[in-house]
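Understanding the architecture of this molecule
Here are the chains, one letter per residue:
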Amino acid sequence: MQNKPRRRHALWSSALFMGRATRRLTRITLACLAVILVLAGLAWAVLLWQILPRIGDWRLELAAQATRALGVTVQIGELQGRAEGMWPVLTLRRVALLDEQGRAALSLPEVSARVSLATLSPQALWAGEVRLDRLELVRPDLAIRRDAAGQLHVAGLRLSPQASTGEGASVGADWVLSQSLIQIRQGTLRWTDEQLQRPTLQLQEVDLALRHRLGFGRRHHELVLAATPPREFGERVRLDMK
């Protein structure tokens, strides 16, 4: 009979110890979260009021990095940053990607990107990924060409079958589909087939909106695409996908 009180005392002591340890762990966790939030807020403030006003100073360096990364010449005419409320917004103007002949294979008169707070999420920071609330391309002019040997060129970049199905393509597609809104307004698409020696086909007034919304345990994507083909091909077409 004397063992029962001892057993109860041991159980009570263990419960008290676990309760104190749990409270201590909770306080440490909350303190760490508070520190992380403060640091994230400071980083966001530095981005808004220190980096954005001076971001134009890195225009040439950004163009050089893009040139090395893509393997084609990239030109950036203007780079500006501003705060839209608490949201950083980057604007690039007169952007061009040149092909091997020095022609503009992709012309972007204006590109605007609003950075999302999700960029500071642990997942985005770990992956080194920039999350956007909005990416808008105004009046882009894209050239797609198939040369006489059957090689495909998009925006001056020579594509291979491995490039379109490899890991890099998958990562790029995942990034595109994870953005809240990607919008193209008044674009132009030119298709040139040198292999079949056909005249260049041009689509005008290309408008695109790709939206990403979070649902219950799944992602929802909405795509709206509209374009005007040459008159002999018919009227303006529109495609809605969900």
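Structure: above.
Below is a summary of the structure that appears in this document. (Residues numbered from 1 in each chain as written. Predicted model: local features only at pLDDT ≥ 70, side-chain atom pairs only at ≥ 80, totals over all residues. Heavy atoms only, no water.)

**Focus on the overall build of the protein chain**
On a plain count of helices and strands, the protein chain comes out with five helices and eleven strands. Sorting the 242 residues of the protein chain into buried and exposed places 24% on the buried side. Considering only residue pairs separated by 6 or more positions, the protein chain has 47% of its internal contacts joining residues 24 or more positions apart. (Helix = DSSP H or I, 4+ residues; strand = E, 2+ residues; numbered from the N terminus. Buried < 20%, exposed > 50% of the residue type's maximum accessible area, 1.4 Å probe, protein only. Contact = heavy atoms within 4.5 Å.)

**Concerning the pattern of salt bridges**
One pass over the full model with this rule turns up eleven salt bridges. As a salt-bridge pair, E205 and R236 come within 3.6 Å of each other at their nearest N and O atoms. One end of the pair, E205, is in strand β9 (residues 201-214); the other, R236, is in the loop between β10 (219-228) and β11 (237-241), and 31 residues separate them in sequence. By relative accessible area, which is 40% here, E205 ends up partly exposed. For R236, a relative accessible area of 37% translates into the label partly exposed. The closest approach of N and O atoms between D240 and R238, which form a salt bridge, is 3.0 Å. Several salt bridges share partner residues, and in doing so they unite E78, R93 and R94 into one network. (Salt bridge = Lys/Arg side-chain N within 4 Å of Asp/Glu carboxyl O.)

**Some details on a nonpolar patch on the surface**
Together, L152, L159, W191, L201 and F233 line one region of the surface with nonpolar side chains, adding up to about 410 Å² of accessible area. Among the structural elements, L201 can be located in strand β9. On the basis of relative accessibility, which here comes to 31%, the residue L201 falls in the partly exposed class. (Patch = residues over 30% accessible without salt bridge, like charges linked within 9 Å, V, L, I, M, F, W, Y side chains within 5 Å. Areas by Shrake-Rupley, 256 points an atom, 1.4 Å probe, with all protein chains shown as cover.)

**Description of the nonpolar core**
Core analysis: the biggest nonpolar cluster contains 20 residues, and I76, L92, V95, L97, L108, V111 and L135 have the highest contact counts within it. Those elements giving two or more residues to this core turn out to be β1 (73-84), β2 (87-98), β3 (104-115) and β4 (132-138). Among the elements that take part in this core, β3 stands out by supplying five residues, more than any other. The contact partners of L135, leaving out residues within four places of it in the chain, are V111, S112, A113, W175, L181, I182 and Q183. (Core = buried A, V, L, I, M, F, W, Y, C linked by side-chain atoms within 4.5 Å.)

**A few points about the pairing of strand β8 (residues 181-193)**
The pairing of β4 with β8 spans four bridges and is parallel. Bridging across to β8, L135 finds its partner in I182. As paired elements, strand β5 (residues 141-146) and β8 share six bridges and run parallel to each other. Of the residues in β8, the one forming a bridge with R145 is T192. (Pairing = 2+ DSSP bridges.)

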